Amino acid sequence: MSKPHEVVIVGSGIAGLSAAVYTARADLEPLVLEGPEPGGQLTLTTDVENYLGFPDGVGGMELIQHGKEQAKRFGATFEHGTVEAASVEGEPMELQLSNGESLRTHALIVATGASARWVGAANEDDLMGYGLSTCATCDGAFHRGDDVLVIGGGDSAMEEALFLAKFADSVTIVHRRDELRASDIMARRAREHEKIGFRWNAELLAIHGSEETGVTGATLVSHPDGHPREKLDDNAGERAAAGDPVDPAADVDVDRVDVGGIFYGVGHVPNTAFLADTPISLDEDGYIETTGGMTTETGVPGVFAAGDVMDPNYRQAITAAGTGSMAALDTEAWLESRAAAETDRQVATAEADD
Ligand SMILES: Cc1cc2nc3c(=O)[nH]c(=O)nc-3n(C[C@H](O)[C@H](O)[C@H](O)COP(=O)(O)OP(=O)(O)OC[C@H]3O[C@@H](n4cnc5c(N)ncnc54)[C@H](O)[C@@H]3O)c2cc1C
């Protein structure tokens, strides 16, 4: 069996890269597992305008590529690999990868970020990638001249809509309430854009189209009090998708709109499924809970967390990079204290033998 790594960093987003730079500079020779989305969420965006040090903004991909080069320069290595399960109570810890291989490590930094949330509309499984998308920056250019919908009312939805407005003829933001959750600046930009409109108190019930045609339309429901889907039964979406009557409850309007694309902008879920059978504490949404205050410690010795996977509040590139560096420093201190304890133990054993 191969020698355990000193530290493995799971995830190659900006948090993982920042942890890699710091642990590599500390001569810990980190291994970074890149996961299903090498480079993480920032590879999905074009301009990052709020990352300190770039007065004219910086491309998300460019920022990630520079981070990776920087980490490699100090000795970090990168491998394709997705962790499916972890055993973190033993020494060394063991990670099971989706390709059947396993890795051993003394310390672990979890920087697996978060994945886009789906809304549960009928046909979304079939049409994801065929006109339905969670990433405007990836797929927006396919929708030149289309009318498109963006689902959501937070910053993610505003960002998707503003990006799509560069290509689409019209962008309609469908939000289940009558006020946005987005920050004031993002909401104002969307409201002031001539191509962007709003459907308030409305939800997406079903998506129409096929793999051959792509998305051709959507069934929307609306209610003056918002959250209209709550007023319908669970199978209403399937009936709408099949073209059958939905039997709406009182005051629920159902209408079908012709659109060429639908984008989900309803946030993210933390990528922590592989930690389910570990003692690492997760909150009710699946985010890793650290032990409190300014630390990345998870409460399991040698396991640290960084970036969006432990941050339900800020979810910014700069905060992810910041907690990445914190996790690296916490890891370095933990490995040093472990080595010092081992030295003390050996000295005590030698003295007892004398
Ligand atoms: C479209 C878009 C635009 C954005 N724009 C901005 C912006 O302008 N400014 C800003 O500050 N922030 C922006 N953000 C937010 C920012 O991208 C995130 O806060 C940041 O990327 C979080 O970094 P992270 O490293 O924690 O996670 P992520 O970037 O999500 O990276 C997670 C990494 O973990 C890996 N991974 C996941 N599961 C596993 C597994 N089981 N095994 C191994 N690896 C795994 C993935 O492959 C990925 O490499 C944007 C986000 C999006 C989606």
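One can find the structure itself at the top, above this paragraph.
Calculation rules
- Residues numbered from 1 in each chain as written.
- Predicted model: local features only at pLDDT ≥ 70, side-chain atom pairs only at ≥ 80, totals over all residues.
- Heavy atoms only, no water.
- Helix = DSSP H or I, 4+ residues; strand = E, 2+ residues; numbered from the N terminus.
- Buried < 20%, exposed > 50% of the residue type's maximum accessible area, 1.4 Å probe, protein only.
- Contact = heavy atoms within 4.5 Å.
- Lys, Arg positive; Asp, Glu negative; His and termini not counted.
- Charge placed at Lys NZ, Arg CZ, Asp CG, Glu CD.
- Salt bridge = Lys/Arg side-chain N within 4 Å of Asp/Glu carboxyl O.
- Polar contact = N/O pair within 3.5 Å; in protein donor to acceptor, adjacent residues only side chain to side chain.
- Core = buried A, V, L, I, M, F, W, Y, C linked by side-chain atoms within 4.5 Å.
- Near = heavy atom within 4 Å.
- Areas by Shrake-Rupley, 256 points an atom, 1.4 Å probe, with all protein chains shown as cover.
- Patch = residues over 30% accessible without salt bridge, like charges linked within 9 Å, V, L, I, M, F, W, Y side chains within 5 Å.

## Points about the overall build of the protein
And then number 1: Secondary structure summary: the protein contains 8 helices and 19 strands in total.
And then number 2: Relative to its 354 residues, the protein shows a buried fraction of 47%.
And then number 3: Here the analysis covers contacts within the protein between residues at least 6 apart in sequence; of these, 64% occur between residues at least 24 apart.
And then number 4: Computed over 24 positive and 61 negative side-chain charges, the inter-centroid distance for the protein is 5 Å.

## Re the pattern of salt bridges
And then number 1: Tallied over the entire structure, the rule returns 6 salt bridges.
And then number 2: Measuring nitrogen to oxygen at the nearest pair gives 3.9 Å for the salt bridge that ties glutamate 192 to arginine 188. With a gap of 4 residues between them, glutamate 192 and arginine 188 both fall in helix α6 (residues 184-192), about one helical turn apart.
And then number 3: On the accessibility criterion, glutamate 192 (59% relative accessible area) is exposed.
And then number 4: Relative accessible area serves as the criterion here: at 47%, arginine 188 is assigned to the partly exposed category.
And then number 5: Put simply, aspartate 255 and arginine 199 hold a salt bridge, and the shortest N to O gap is 3.1 Å. Remark: arginine 199 occurs in strand β13 (residues 196-199) and aspartate 255 occurs in strand β16 (residues 253-258); sequence separation between them is 56 residues.
And then number 6: Among the residues examined, aspartate 255 registers a relative accessible area of 27% and is labelled partly exposed.

## Overview of the side chain of serine 325
And then number 1: Its place among the elements puts serine 325 in helix α8 (residues 317-353).
And then number 2: Within the structure, serine 325 has its side chain in polar contact with the backbone oxygen of glycine 322 (distance 2.7 Å).

## Things to note about the nonpolar core
It is characteristic of soluble globular proteins that their nonpolar side chains tend to be buried jointly.
And then number 1: Within the largest apolar cluster, 32 residues are counted, with the highest numbers of intra-cluster contacts made by Ile9, Ile14, Leu42, Tyr51 and Ile109.
And then number 2: Residues within four places of tyrosine 51 in sequence aside, it is in contact with Ile14, Leu63, Ala317, Ile318 and Ala321.
And then number 3: Grouped together as the second largest cluster of nonpolar side chains are 22 residues, Leu33, Leu97, Leu275 and Val300 included.

## Thoughts on the site of the ligand
And then number 1: Near the ligand, the surroundings consist of 33 residues, among which Glu34, Glu37, Gln41, Asp308 and Ala317 are the closest.
And then number 2: One of the backbone nitrogen or oxygen atoms of glycine 13 is found 3.5 Å away from an oxygen atom of the ligand.
And then number 3: Expressed as a share of its isolated accessible area of 1000 Å², the protein-covered part of the ligand is 92%.
And then number 4: Only α1 (14-25) and α8 provide two or more residues apiece to the shell around the ligand.

## A word on the environment of aspartate 311
And then number 1: As for its placement among the helices and strands, aspartate 311 is situated in the loop between β19 (303-305) and α8.
And then number 2: Judged by its relative accessible area of 8%, aspartate 311 falls in the buried class.
And then number 3: When the C-alpha atoms of aspartate 311 and phenylalanine 78 are compared, they prove to be 24 Å apart, with 233 residues separating the residues in sequence.
And then number 4: When sequence neighbours within four positions are dropped, the list of residues in contact with aspartate 311 reads Tyr287 and Thr319.
And then number 5: Within polar-contact distance, the side chain of aspartate 311 engages the backbone nitrogen of tyrosine 314 at 2.8 Å.

## Focus: a negative patch on the surface
And then number 1: Together, Asp125, Asp126, Glu211 and Glu212 give the surface a local cluster of negative charge.
And then number 2: Along the chain, the position of glutamate 211 falls in the loop between β14 (202-210) and β15 (214-222).

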